[in-house]
Amino acid sequence: MARVGFIGLGIMGTPMAANLVAAGHTVVGFSRRTASIEKAAERGVLSASSIKDVVEESDFVITMLPDSPDVEKVLLGEDGVLAFATKEQVIIDMSTIRPDVARAIAQKASVRGVAVLDAPVSGGEAGAIEGVLSIMVGGTAEAFNKASEVFAAMGKTIVHVGPAGSGQTVKAANQLMVATNLQGLAEAVVFLEAHGVSVAPALEVLGGGLAGSTVLARKSKNMMTREFTPGFRMDLFHKDMGIVTSAAREAGVSLLVGSLVAQVIAAVVAQGGATLDQSSMITIVDKLSRPQD
Ligand code: NAD
């Protein structure tokens, strides 16, 4: 069993750390907020008072932070993870960040002989709680193999997709598919409601056909009830669509639907929905389709 340091105990990090504990690993957590540490402690996560303590007590150090600058600060900053990491350890960033930033971090760490994997996830809060995340991993095969027992505690579909940064590129493709799928679901729900069709049985039958998807299974209830407690916050989704659109531009790829849906997400955030769940994309379809009060 491994000693795992865990930095970033938010919506995703806490259940992921709890699943590592449940699998028998020793988990030492660090977060800026006392409330997060306390919540994780209830799930058996030991608490450290600094990043240095986390690194010194761990074989693997996992980060699950909001955005690229947060990961750069925690890994590369003064008193950050790399300042204390040794060649025996593997650093695993499971946040969703820019692929070029993931590559730069891995490059800087490799100069010091330290392996860093980019290992973003898909499956949402429910997937994190159930320990069934899809984990897409970029980095060396050696580090991937070393970390496999750690990944197995948090995920079900775990794939080494290529060298450093590849995990984040695959995650960007994931978000492109999820975002366009959510927009389709939102439009279908508003369409069915406008026709006076009972939405729950309609989605039940649609879920058994070609239109069925994990997005439908996990997010349709929020859309039907207009209940938007996150889950996955719109500000993080907005960040992800920025990654998708800029990575597409770099590669010379046109995203006709993806860039349009990125604007729907931008609109929800601009209208005050930054902390709502991603299912709140339906509010834009509502606004475009119905007279407002
Ligand atoms: P969150 O905001 O709930 O959690 C992030 C945590 O990191 C917070 O507890 C915050 O206090 C902590 N943090 C930030 N800066 C820190 C620092 N410098 N030191 C220590 N702790 C710090 O976000 P989340 O929903 O858990 O998402 C985390 C990452 O996973 C994001 O990159 C997100 O895009 C990605 N993700 C989220 C979901 C989801 O459904 N929520 C699904 C897949 C991927």
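Rules of the game
For every chain, the first residue of the written sequence is number 1, and numbering continues from 1 along that sequence. Thresholds applied to this predicted model are a pLDDT of at least 70 for local features of residues and 80 or more for the giving and counting of side-chain atom pairs; totals over whole chains, interfaces and linings are not thresholded and use all residues. Side-chain numbers here rest on the full set of heavy atoms in the structure, without hydrogens or water. For patches, a residue must show more than 30% relative accessible area and have no salt bridge; joins then use 9 Å for like charges and 5 Å for nonpolar side chains, namely Val, Leu, Ile, Met, Phe, Trp and Tyr. For accessible areas, the Shrake-Rupley method is used with a probe of radius 1.4 Å. Any residue's cover is judged against the shown protein chains and nothing else. Salt bridge, as used here: a side-chain nitrogen of Lys or Arg that lies within 4 Å of a carboxyl oxygen of Asp or Glu. Each helix corresponds to a stretch of at least 4 residues labelled H or I by DSSP, and each strand to a stretch of at least 2 residues labelled E; elements are numbered beginning at the N terminus. Here, proximity means that at least one heavy atom of the residue falls within 4 Å of the molecule or strand. Two N or O atoms count as a polar contact when they lie within 3.5 Å, although within protein this holds only if one can serve as hydrogen donor and the other as acceptor, and sequence-adjacent residues are included solely when both atoms are side-chain atoms. By the convention adopted, Pro, Cys, Tyr, Trp, Phe, Met, Ile, Leu, Val and Ala count as nonpolar, Lys, Arg, Asp and Glu as charged, and the other residues, Gly among them, as polar. The domain boundaries here were taken from an automatic or database domain assignment. Each residue's exposure class comes from its accessible area (1.4 Å probe, protein chains only) as a fraction of the maximum for that residue type: buried when under 20%, exposed when over 50%, partly exposed otherwise. When DSSP finds two or more bridges between a pair of strands, those strands are recorded as paired. For the handedness criterion, the strands are oriented away from the viewer, and a crossover whose path from the first strand over the helix to the second runs clockwise is classed as right-handed. Contacts are assigned to residue pairs that have any heavy atoms within 4.5 Å of one another. We define buried area as the total accessible area lost by two parts upon association, computed with a 1.4 Å probe and summed across both.

**What to know about a nonpolar patch on the surface**
Right, so step 1: Residues Val159, Val161 and Val170 make up a contiguous nonpolar surface patch of roughly 190 Å² in combined accessible area.
Right, so step 2: Following the sequence through the fold, Val170 ends up in helix 10 (residues 166-194).

**Overview of the site of the ligand**
Right, so step 1: Taken together, 24 residues lie around the ligand, and Ile11, Met12, Arg33, Pro66 and Lys239 are the ones closest in.
Right, so step 2: The contact in question runs from a nitrogen atom of the ligand to an N or O atom on the backbone of Gly231, over 3.2 Å.
Right, so step 3: Here an oxygen atom of the ligand and a side-chain polar atom of Lys239 are 2.8 Å apart.
Right, so step 4: For the ligand, whose accessible area on its own is 820 Å², the fraction buried by protein is 95%.
Right, so step 5: Sorting the residues of the shell around the ligand by element identifies helix 7 (124-130) and helix 13 (234-251) as the ones contributing at least two each.
Right, so step 6: Split into classes, the residues belonging to the shell around the ligand amount to eleven nonpolar, seven polar and six charged.
Right, so step 7: Counting residues domain by domain, the shell around the ligand receives three or more from each of domain 1 (3-162) and domain 2 (170-289).

**Observations regarding the pairing of strand 2 (residues 26-30)**
Right, so step 1: Most of strand 2 is tucked away: four of the five residues are buried.
Right, so step 2: Strand direction decides the pairing type here: strand 1 (residues 3-7) and strand 2, joined by five bridges, are parallel. By the bridge assignment, Phe6 is partnered in strand 2 with Gly29.
Right, so step 3: As a crossover connection, the stretch from strand 1 through helix 1 (residues 13-22) into strand 2 is right-handed.
Right, so step 4: Crossover strand 2 to strand 3 (residues 46-47) through helix 2 (residues 34-41) is right-handed.

**Section: the environment of Glu149**
Right, so step 1: Looking at the element boundaries, Glu149 is found in helix 9 (residues 148-152).
Right, so step 2: Residues Glu149 and Met1, 148 residues apart in the sequence, show an inter-C-alpha distance of 8.4 Å.

**Here we look at the environment of Glu130**
Right, so step 1: Inspection of the secondary structure puts Glu130 in helix 7.
Right, so step 2: What makes Glu130 partly exposed here is its relative accessible area of 49%.
Right, so step 3: Excluding residues within four positions of it along the chain, Glu130 makes contact with Asn19 and Arg218.

**So, the pattern of salt bridges**
Right, so step 1: Counted according to the given criterion, the structure contains eleven salt bridges.
Right, so step 2: Across the pair Glu130 and Arg218 runs a salt bridge, and its minimum N-O distance is 3.3 Å. Taken as a pair, Glu130 in helix 7 and Arg218 in helix 12 (residues 214-225) lie far apart in primary sequence, 88 residues in all.
Right, so step 3: By relative accessible area, which is 36% here, Arg218 ends up partly exposed.
Right, so step 4: Note that Asp277 and Lys219 form a salt bridge whose closest N and O atoms lie 3.1 Å from each other. Here Asp277, found in the loop between helix 14 (256-273) and helix 15 (282-289), pairs with Lys219, found in helix 12; they are 58 residues apart in sequence, far enough to count as distant.

**A short note on the pairing of strand 5 (residues 90-93)**
Right, so step 1: Here strand 5 shows a buried face lined by Val90 and Ile92 and a second buried face lined by Ile91 and Asp93.
Right, so step 2: Relative to strand 5, strand 4 (residues 60-63) runs parallel, the two being bridged by four bridges. Along strand 5, the bridge assignment pairs Thr63 with Asp93.
Right, so step 3: Inspection of the sheet shows strand 5 paired to strand 6 (residues 115-118) by four bridges, in the parallel sense. Bridge pairing links Ile91 to Val116 in strand 6.
Right, so step 4: Handedness of the crossover joining strand 5 and strand 6 through helix 6 (residues 99-111): right-handed.

**Quick word on the domain arrangement of the protein chain**
Where interface size is quoted, it is often the accessible area lost as the parts come together.
Right, so step 1: By the assigned domains, the protein chain splits into domain 1 (3-162) and domain 2 (170-289).
Right, so step 2: One C-alpha centre belongs to domain 1, the other to domain 2, and the line joining them spans 27 Å.
Right, so step 3: Contact residues are listed per partner, giving 18 residues for domain 1 and ten residues for domain 2.
Right, so step 4: Here domain 1 and domain 2 share an interface that buries about 1,100 Å² over both sides, 62% of which is from carbon and sulfur atoms.
Right, so step 5: On the domain 1 side of the interface with domain 2, the three residues burying the most area are Ile11, Thr96 and Met136, jointly 35% of the side's total.
Right, so step 6: Scanning the region where domain 1 abuts domain 2 turns up six residue pairs in polar contact (both at pLDDT 80 or more).
Right, so step 7: Of all the elements in the fold, those that place two or more residues in the side of domain 1 that touches domain 2 are strand 7 (121-122) and helix 7.
Right, so step 8: Looking at the side of domain 1 that touches domain 2, the element that brings in the most residues is helix 7, giving four residues.
Right, so step 9: A per-class count over the side of domain 1 that touches domain 2 returns ten nonpolar, four polar and four charged.

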